[in-house]
Amino acid sequence: MTTGVTAIYRGMDQAALDAGYNNTLAVRESSALLQDFDERSAALRDANGEHLDLRYGPAPRNRIDYFAADKPGPLLIFIHGGYWQIRAKETFSFLAAGPLAHGVHVAMIGYTLAPDATLTEIVAEVRAAIAWLKNNAAEFGGDTERMIVSGWSAGGHLTAMCLDEPGVIGGVAISGIYDLEPVRLSYLNDKLRLSGEEEMALSPLHLPLSAKPLTITYGTGELPELQRQSEQFGEARRSLPGEVVPLPQLNHFTILKELAAMDGAITREVCAIAGI
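A few points on the structure.

Here is what the cut-offs are and how they apply
- Residues numbered from 1 in each chain as written.
- Predicted model: local features only at pLDDT ≥ 70, side-chain atom pairs only at ≥ 80, totals over all residues.
- Heavy atoms only, no water.
- Helix = DSSP H or I, 4+ residues; strand = E, 2+ residues; numbered from the N terminus.
- Rg over C-alpha atoms; globule rule 2.2 N^0.38 Å.
- Buried < 20%, exposed > 50% of the residue type's maximum accessible area, 1.4 Å probe, protein only.
- Contact = heavy atoms within 4.5 Å.
- Areas by Shrake-Rupley, 256 points an atom, 1.4 Å probe, with all protein chains shown as cover.
- Lys, Arg positive; Asp, Glu negative; His and termini not counted.
- Charge placed at Lys NZ, Arg CZ, Asp CG, Glu CD.
- Core = buried A, V, L, I, M, F, W, Y, C linked by side-chain atoms within 4.5 Å.

### What about the overall build of the chain?
Line of reasoning, step 1. Secondary structure summary: the chain contains twelve helices and eight strands in total.
Line of reasoning, step 2. For 276 residues, the compact-globule estimate of 2.2 N^0.38 gives 19 Å, and the chain sits close to it at 18 Å.
Line of reasoning, step 3. Based on the C-alpha atoms only, the size of the chain along its principal axes is roughly 70 × 40 × 35 Å.
Line of reasoning, step 4. Out of the 276 residues belonging to the chain, those deemed buried represent 57%.
Line of reasoning, step 5. For the chain, restricting intrachain contacts to residue pairs at least 6 apart in sequence, the fraction spanning at least 24 positions comes to 72%.
Line of reasoning, step 6. Of the accessible surface of the chain, which amounts to about 11,400 Å², a share of 52% is contributed by carbon and sulfur atoms.
Line of reasoning, step 7. Put simply, the chain has 22 plus and 34 minus side-chain charges, and the middle of one group is 1 Å from the middle of the other.

### Details of the nonpolar core
Line of reasoning, step 1. Counting 53 residues, the largest nonpolar core has Ile64, Trp84, Ile109, Ile130 and Leu133 as its most contacted members.
Line of reasoning, step 2. Residue contributions to this core peak at eight residues, all from helix H5 (residues 119–136).
Line of reasoning, step 3. If sequence neighbours within four positions are ignored, Trp84 has contacts with Tyr111, Leu113, Ala114, Leu119, Ile122, Ala154, His157, Leu158, Ile177, Leu180, Val183 and Leu192.
Line of reasoning, step 4. Grouped together as the second largest cluster of nonpolar side chains are 34 residues, Leu44, Leu95, Val106 and Ile273 included.

Given below as structure tokens:
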């Protein structure tokens, strides 16, 4: 007799749900891509190392790398991904190259990872970092009334959670998570330890939607669940400023080239919100 499997979420059993959110396994070359990110980021920090590890809070990861443009201008605040439990701001410094080429200052936020912090605490830290930049970025030439928040993967979720922070005029969310239910039900919750209450309180899809412009972008080569998350959140925001931008053939990692490049599709979205 065949033993049946139990559907956990949208008809998926536990194994299918876990695989449906495992971006690293889905992209065979992810390790090589991340190594390339680290190398390119180290080179950018070597060339632009004047304002690294600026402290915004008491925790070890409460630091910001600030990359100033050649003249005063708008500020892009970037929040790294890693499902709120891995990776660091240093891996993503290379993304600053695209916006910097257009005179957009770039700040990379670090934050405490799960399980050392709950997701509630992580959101609070990112908001504290944005507040610190609102109060201090003018010292480096950033326009604190023209701040754009952006992030990738978990950072896309944090972008949506921070749109209404003072000084933020809009956002660009890249390959984000906007409904935390499948995260709570998957292997990802081993470290996050989300409760049902926290899931609802921190899911942008289930919260009042910001009226500020938000570009939601993802790669058509990404896992179907990641694509669905972006499309679903975009549909929820269909009457609000912003748009959904699917980028053909790009996967969860290669999509970032569109922010690192001066003429990248995501760089253009940032510039459009900045008004340049």
